[in-house]
Amino acid sequence: MNTPIFQSARLLAATLAVCLAPTLFAPQAVQAATEGPVKLQTLRGAEIDASDPEGEGTRYGRDQPVLPRDFVQQPPLIPHAIRGYTITKNFNKCLDCHSWSRAKETGATKISVTHFKTRDGEELSSVSPRRYFCVQCHVPQSDAKPLVGNTFKPGSGLR
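This text gives an overview of the structure that appears in the document. This one's a predicted model, so the numbers in the text were calculated from it and none came from an experiment.

### Some details on the overall build of the chain
Here's step 1: When its secondary structure is counted, the chain shows three helices and zero strands.
Here's step 2: When the helices and strands of the chain are listed from N to C terminus, the series reads α-α-α.
Here's step 3: Taking all 159 residues of the chain together, the buried fraction comes to 14%.
Here's step 4: Taking contacts inside the chain between residues at least 6 apart in sequence as the whole, the part at least 24 apart equals 43%.
Here's step 5: Carbon and sulfur atoms provide 59% of the accessible area of the chain, an area that totals close to 13,100 Å².

### Considering the environment of T109
Here's step 1: Turning to its location among the elements, T109 is positioned in the segment after helix 3 (103-106).
Here's step 2: The exposed category is assigned to T109, whose relative accessible area is 60%.
Here's step 3: Along the sequence, T109 and H98 sit eleven residues apart, while their C-alpha atoms lie 5.8 Å from each other.
Here's step 4: Apart from residues no more than four positions distant in its own chain, T109 is found in contact with H98 and A103.

### Some remarks on the packing of aromatic side chains
Here's step 1: Evaluation of the coordinates by the stated rule reveals two aromatic pairs.
Here's step 2: The interplanar angle of 85° and the centroid separation of 6.3 Å between the aromatic rings of W100 and F116 together place this pair among those described as edge-to-face. In this pair, W100 is assigned in the loop between helix 2 (95-98) and helix 3 and F116 in the segment after helix 3, connecting sequence segments 16 residues apart.
Here's step 3: Here Y132 and F133 contribute two aromatic rings whose centre-to-centre distance is 5.1 Å and whose plane-to-plane angle is 85°, an arrangement assigned as edge-to-face.
Here's step 4: Classification of Y132 by relative accessible area gives buried; the value is 15%.
Here's step 5: Since its relative accessible area comes to 31%, F133 is described here as partly exposed.

### Some points on unusual backbone geometry
Here's step 1: A positive phi angle, close to 70°, is found at Q73, a residue other than glycine.
Here's step 2: Looking at where Q73 falls in the secondary structure, it is placed in the loop between helix 1 (4-35) and helix 2.

### Side note on the layout of surface pockets
Here's step 1: Considering only enclosed or pocket space, the largest pocket measures out at about 1,000 Å³ in volume.
Here's step 2: Considering the residues around the largest pocket, the lining is formed by 38 residues, among which P76, H98, T109, K110 and H138 are closest to the centre.
Here's step 3: Here the element with the most residues in the lining of the largest pocket is helix 2; it accounts for three residues.
Here's step 4: In terms of residue class, the lining of the largest pocket is made up of 18 nonpolar, twelve polar and eight charged.

### So, the environment of F91
Here's step 1: Inspection of the secondary structure puts F91 in the loop between helix 1 and helix 2.
Here's step 2: The partly exposed category is assigned to F91, whose relative accessible area is 36%.
Here's step 3: It is 9.9 Å that separates the C-alpha atoms of F91 and F133, two residues lying 42 residues apart in sequence.
Here's step 4: Discounting residues that sit within four places of it in the chain, F91 has contacts with T86, D96 and Y132.

Criteria and cut-off values
- Residues numbered from 1 in each chain as written.
- Predicted model: local features only at pLDDT ≥ 70, side-chain atom pairs only at ≥ 80, totals over all residues.
- Heavy atoms only, no water.
- Helix = DSSP H or I, 4+ residues; strand = E, 2+ residues; numbered from the N terminus.
- Buried < 20%, exposed > 50% of the residue type's maximum accessible area, 1.4 Å probe, protein only.
- Contact = heavy atoms within 4.5 Å.
- Areas by Shrake-Rupley, 256 points an atom, 1.4 Å probe, with all protein chains shown as cover.
- Phe/Tyr/Trp six-rings, centres within 6.5 Å; stacked < 30°, edge-to-face > 60°.
- 1 Å grid on protein atoms, 1.4 Å probe; cavity = no way out; pocket = protein on both sides within 12 Å on 5 of 7 lines; lining within 4 Å.
- Points joined across faces, edges and corners; volume = space filled by probe spheres on them.
- Nonpolar A, V, L, I, M, F, W, Y, C, P; charged D, E, K, R; others polar.

This is the structure we're talking about:
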């Protein structure tokens, strides 16, 4: 595809890029240099590199009824406090109650069978490594106020 038309088009594109680059990018660089550093904060107002404090009045209940899900495939919320629960590559506190071997005894919900499958759908005899860290998807339910307003409505199939 090295016809004269394509060579001309490449030459025109390169020329435009060289000519327009200072016009397009220089004003932003000058503006950024004169404004000073940007102060980043979390939605709760904490410094970005500080640990994010819990919102005022946020309460995590102890053994509450599970809240309904808002969309299909939403991971269930955790209906109890998990402060102090350890989840490392060698130990998962959640499995003390939610593993299939302990769920009946403890009265906890069993881990879904989907948590025993690999990415390729192969069934394992223990929890898949990609589903082992529970709080990647499951969070404790709380009465915290939303950080930002929204107009989300639950899926109609769940009403």
